[in-house]
Number of protein chains: 2
Amino acid sequence: MTKAVAAPDRTCVRVELGERSYDILIGPGLIADAGAQIAARLNGINAAIISDETVAELYLPILREGLAREGIESTDIVLPAGEKTKSFEHLIEAAHGVLEARLERGDAVIALGGGVIGDLAGFVASVVRRGMRFVQIPTSLLAQVDSSVGGKTGINTGHGKNLIGAFHQPALVLADTAALDTLSEREFRAGYAEVAKYGLIDRPDFFAWLEDNWPQVFTGGPARIEAIATSCRAKADVVAADERENGKRALLNLGHTFGHALEAAVGYDGRRLVHGEAVAIGLVLAHEFSARMNLASPDDARRVAAHLKAVGLPTALGDIDGDLPAPDILMHHIAQDKKVKRGKLTFVLTRGIGQSFIADDVPSSEVLGFLKEKHPQ
Amino acid sequence: MTKAVAAPDRTCVRVELGERSYDILIGPGLIADAGAQIAARLNGINAAIISDETVAELYLPILREGLAREGIESTDIVLPAGEKTKSFEHLIEAAHGVLEARLERGDAVIALGGGVIGDLAGFVASVVRRGMRFVQIPTSLLAQVDSSVGGKTGINTGHGKNLIGAFHQPALVLADTAALDTLSEREFRAGYAEVAKYGLIDRPDFFAWLEDNWPQVFTGGPARIEAIATSCRAKADVVAADERENGKRALLNLGHTFGHALEAAVGYDGRRLVHGEAVAIGLVLAHEFSARMNLASPDDARRVAAHLKAVGLPTALGDIDGDLPAPDILMHHIAQDKKVKRGKLTFVLTRGIGQSFIADDVPSSEVLGFLKEKHPQ
């Protein structure tokens, strides 16, 4: 297999998973160059591109052109944009589309889009013919630093988010940093919450670097590539240590137990709260709750809140538009979250910036008391 | 983990797959004993039992009782009997049932039934919460010697059988040989085709033993346990060498390329032809086609046909009730089969009894010519 050489303004992060290892290429122009990058790694394949209406309009023609140049035949499956697409209904639609194109096991499913498309397309790739090859071309910051890396795929059901899915690693991830220029400010900011999260998990120097350099990350250029590469490296390290989330991988859920409960509390209404915003509030709450449990200094929680606020992210329950359910309803959503093990609450807590850890046995009474304090009503 | 001791009339076959290794216990009374066997291996779990209406009526109460005795709480999901249950519709129904029961990743999905239930329940176990534990309690001969071993799970779509699924190994297989006494003669015979297949793949001595001992396999007792254990061992060896079917595992498809085409040709109408019957005809055709290609002696094909006929299985296209589509339509079904690689026909052929091999480049003109010769009209 020939290896395509990375252009000088590109970074390559390797995810080490034995025979399932793969590269994440990060830099501008990778959508146009995807055909060459894929052809250099996956020999003689054809492909199905799964995308959404918004992203397809911007990038599908240029991707197909690049694939065609390399002799890769492609079919496209364009789905509605939005979280509702992560459903059984669209899984079935996309799977039938791949079968209709008569693709075989050695062929590839390519995800072109944000986290929703990546999660759905990865699940399609994992179940059609019991597992096809999979290439991620994430076009949102959230997808580039989080969902496209690590092999978690899935859809939502009435019982909750991501409850149906598979672990299915991509063969290649192409993060085109220029594609982020077309994101709304709000969407970029939401993805940034996950970037900051990696600093808070175990990279205090990265968090400090972000406090100084975040404006350049938003503007684009080398600082953006650096922030995305560091985030991917952080996630890749955790995933390599615990691919199927039996232990350490749960650290990636820092801020997410509170965050998921808030998303559920607003009925997953993206006008009120998108995932990254919920994570931003969740990160602050996780630090505040850790301080309340005398595990960390309240100064750390204040520092986290100050940075996320500077960036323009919400940091408190009161920052969410409209009424929130009462604390005991929020508590119910937390208990519904899948990180509950045998009836006990599992939380990612912290001893300070970059010192997070998994706590297996958090008393729900403490969490409820904390939510009552933090609730704006 | 404590290991339950096998009773003297039980055999244990180990499937060696590293950290995914598991035991197949074979013998009478294992449904009643399932609670104890599961509790000895999977600590502190709860379970969802997926079954069909026919099997549930016979065995669900005794299984639940045994689980309850060991403190394993169980919920049951009972689906209609028959191949049509291997659908997205019932996958969704069963997955919701498991989530409704609030089971977690460490809990188990138990398949109680034949191949349809095993394939569906295994797929449910693989996708709910991105992978739960899975226990197979196969109640048909076909499921005991074939589908319950090796981790292939899946459902059918309009494009074909088993085109959507996953590789998901069980944690334990309990083959209760007494349960086979409630099978119809026709269903037992159909499963027997897969037993004979293992002899034909690479165990000529086993095939010869079957020629002498098949009546005792049908009656029950030690010969039946022996035949099932040898079949499981044969399959386990192939699966251990090639878990995800990148090579050698395709040998298990001996007789299946023709067989699947025949099933498709009768519209999967089980009144005309069930899977094992299609495999029986397919085994004979594979030997006859190998003879036509001058790879094996026609005597071997005659010997295979004679044995399967003695058992009461169909062995020729003319044995199928009603009209068959023309040879070129049968050819179309063969080309649709998923063992087609990059447009070329892949077949399992043979050089004689127990000497099968994978042929990658079989000319479709030869296959079509052969079908024209064999076609009854």
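As annotated in an unreviewed UniProt entry, chain A carries the name 3-dehydroquinate synthase and comes from Hoeflea poritis. One UniProt comment on chain A, placed under Catalytic activity (unreviewed entry), says "7-phospho-2-dehydro-3-deoxy-D-arabino-heptonate = 3-dehydroquinate + phosphate". Looking at chain A in UniProt, the text filed under Subcellular location (unreviewed entry) is "Cytoplasm".

Q: I keep staring at the overall build of chain A and nothing clicks. Help me out?
A: For chain A, the helix and strand inventory stands at 13 helices and 12 strands. In terms of overall dimensions, chain A is globule-like: its C-alpha atoms have a radius of gyration of 20 Å, near the 21 Å expected for 377 residues. Each principal axis of the C-alpha atoms in chain A carries an extent, and together these give about 60 × 40 × 40 Å. Taking all 377 residues of chain A together, the buried fraction comes to 62%. Of the side chains in chain A, 40 bear a positive and 49 a negative charge, and the two mean positions are spaced by 5 Å.

Q: Which parts of the structure should I look at to understand the packing of helix H6 (residues 185–202) of chain B against helix H11 (residues 298–311) of chain B?
A: Axes are the key here: two packed helices are described by the angle between their axes and the distance separating the axes. All names here are of chain B. Closest axis-to-axis distance for the H6/H11 pair is 11 Å, and the angle between their directions is 155 degrees. As far as their axial angle goes, H11 and H6 are roughly antiparallel. Once H6 is placed against H11, the crossing between them reads as right-handed. Here Arg189, Tyr192, Ala196 and Leu200 of H6 lie close against H11, whose contacting residues are Val304, His307, Leu308 and Val311.

Q: Hey, could you run me through the environment of Ala193(A) in this one?
A: All names here are of chain A. Take alanine 193: it is sitting in helix H6 (residues 185–202). Taking C-alpha positions, alanine 193 is 18 Å from phenylalanine 289, a pair spaced 96 residues apart along the chain. Beyond its immediate sequence surroundings of up to four residues, alanine 193 is in contact with Gly276, Val279, Ala280, Leu283 and Leu313.

Q: Please explain the sheet that holds strand E4 (residues 74–79) of chain A as it appears in this structure.
A: Strand pairing in a sheet relies on backbone hydrogen bonds, with the paired strands running either antiparallel or parallel. All names here are of chain A. Pairing is mixed in the open sheet, where 7 strands are placed in the order E1-E2-E9-E6-E5-E3-E4. At either margin of the open sheet sits one strand with a lone partner, and together these are strand E1 (11–15) and E4. Mean inter-strand twist for the sheet, computed between neighbouring axes without regard to direction, equals 15 degrees. As judged from the 6 bridges shared by strand E5 (residues 108–113) and strand E6 (residues 133–138), these two strands associate in the parallel manner. Each residue of the ladder has a partner; that of glycine 113, found in E6, is proline 138. In this fold helix H2 (residues 53–69) packs onto strand E3 (47–52), E4, E5 and E6, with an angle of close to 155 degrees to the strand it touches most, E3. Here helix H8 (residues 222–241) sits on the sheet and contacts E1 and strand E2 (22–27); the angle it forms with E1, its principal contact strand, is near 10 degrees.

Q: Is there a simple way to think about helix H13 (residues 364–374) of chain B in this case?
A: In an α-helix there are 3.6 residues to a turn, and that puts residues three or four apart on one side. All names here are of chain B. Along H13, the positions that sit buried rather than exposed are Val367, Phe370 and Leu371. End-on, the buried residues of H13 take up no more than an arc of 100 degrees, which puts them together on one face. Turned more than 90 degrees off the buried face of H13, the exposed positions are Ser365, Lys372 and Glu373.

Q: When you look at the interface of chain B and chain A in this model, what are you seeing that I'm missing?
A: The parts lose accessible area when they come together, and the size of an interface is often stated as this lost area. Chain B puts 38 residues into the contact, and the matching count from chain A is 38 residues. Both faces considered, chain B and chain A share a buried interface measuring about 3,300 Å² in area, 47% of it formed by carbon and sulfur atoms. For the pair chain B and chain A, the number of links is 2 salt bridges. The residue Glu245(A) makes a salt bridge to Arg105(B) at a minimum N-O spacing of 3.4 Å. At the surface where chain B touches chain A, the tally comes to 12 residue pairs in polar contact (both at pLDDT 80 or more). Those elements that provide at least two residues to the side of chain B that touches chain A are helix H3 (88–100), helix H4 (115–127), strand E7 (152–157), strand E8 (160–167), helix H12 (327–336) and strand E10 (340–341) of chain B. Sorting elements by how many residues they give to the side of chain B that touches chain A places H3(B) first, with 7 residues. A breakdown of the residues in the side of chain B that touches chain A according to their chemical character gives 14 nonpolar, 11 polar and 13 charged.

Q: Sorry, what's going on with the relation of the copies chain B and chain A here?
A: The operation relating the pair of chain copies consists of a rotation about an axis and a translation along that axis. For the pair chain B and chain A, the relating rotation is 180 degrees, the translation along its axis is 0.0 Å, and the fit reaches an RMSD of 0.0 Å. The relationship between the two copies is best expressed as a two-fold rotation axis.

Q: It is not clear to me how the confidence of the model for chain A should be interpreted in this structure. Could you clarify?
A: Low-pLDDT stretches of the model should not have their predicted coordinates read in fine detail. Mean pLDDT over chain A works out to 94, with 95% of the residues at or above the 70 mark. Note that pLDDT drops below 50 for residues 1–6 of chain A; the model gives that stretch 9 contacts with residues more than four away or on any other chain.

Q: Is there a simple way to explain the UniProt feature "binding site: Zn(2+)" (unreviewed entry) in chain A in this structure?
A: Residue and element names in this part refer to chain A. Under the feature "binding site: Zn(2+)" (unreviewed entry), the UniProt entry names Glu194, His256 and His275. The largest pairwise C-alpha distance within this set of annotated residues, which runs over 82 residues, is 10.1 Å, so the set is compact in three dimensions. Within the secondary structure, glutamate 194 sits in helix H6. You can call glutamate 194 buried: its relative accessible area is 0%. What glutamate 194 contacts, discounting residues up to four positions off in sequence, is Leu142, Val145, Asp146, His256, His275 and Val279. Counting through the fold element by element, histidine 275 comes out in helix H10 (residues 275–292). Excluding residues within four positions of it along the chain, histidine 275 makes contact with Leu142, Lys161, Glu194, His256, His260 and Glu263. In this structure the side chain of histidine 275 is engaged in a polar contact, spanning 2.9 Å, whose partner is the side chain of glutamate 263.

What counts, and at which threshold
Along every chain, residues carry numbers that run from 1 in the direction the sequence is written. Here every chain gets a letter starting at A, and every ligand a number starting at 1, in the order they are written. This being a predicted model, a pLDDT of at least 70 is required before a residue's local features are given, and a value of 80 or more before pairs of side-chain atoms are given or counted; all residues contribute to the totals for chains, interfaces and linings. Only heavy atoms go into the side-chain values, all of them from the structure, while hydrogens and water stay out. UniProt positions are given in the numbering used here, feature names are shortened, and annotations may be inferred rather than shown by experiment. The numbering of helices and of strands both runs from the N terminus, where a helix is a DSSP run of H or I of at least 4 residues and a strand a run of E of at least 2. Using C-alpha atoms as the atom set, the radius of gyration is obtained and then compared with a globule rule of 2.2 Å times the number of residues to the power 0.38. Three exposure classes are used, based on accessible area relative to the maximum for each residue type with a 1.4 Å probe and protein chains only: buried under 20%, partly exposed in between, and exposed over 50%. Just so you know, the count uses Lys and Arg for positive and Asp and Glu for negative, and it drops His and the chain ends. Charge positions come from single atoms, namely NZ of Lys, CZ of Arg, CG of Asp or CD of Glu. Axis angles are defined between N-to-C directions and span 0 to 180 degrees, where every axis is a line fitted to C-alpha atoms and, for a helix, only to the segment in contact. Any angle from 65 to 115 degrees is called roughly perpendicular, while one under 35 is roughly parallel, one over 145 is roughly antiparallel, and all others are oblique. For any helix crossing, the convention is left-handed if the near helix is rotated counterclockwise from the far helix by under a right angle, and right-handed if that rotation is clockwise. Any two residues having at least one pair of non-hydrogen atoms within 4.5 Å are treated as being in contact. Here, any two strands with at least 2 DSSP bridges between them count as paired. The directions considered for the arc are those from the helix axis to the C-beta atoms. Buried area is understood as the total, over both parts, of accessible area removed when two parts are fitted together, assessed with a 1.4 Å probe. Within this document, salt bridges are pairs made up of a side-chain nitrogen of Lys or Arg and a carboxyl oxygen of Asp or Glu, the two lying within 4 Å of each other. Nitrogen and oxygen atoms within 3.5 Å of one another constitute a polar contact, given that in protein one can donate a hydrogen and the other can accept it, and given that sequence-neighbouring residues count only through two side-chain atoms. Each residue gets one label: Ala, Val, Leu, Ile, Met, Phe, Trp, Tyr, Cys and Pro are nonpolar, Asp, Glu, Lys and Arg are charged, and the others, such as Gly, are polar. Least-squares superposition aligns the copies on the C-alpha atoms of those residues with pLDDT at or above 70 in both. Residue-level confidence of the predictor, termed pLDDT, takes values from 0 up to 100.

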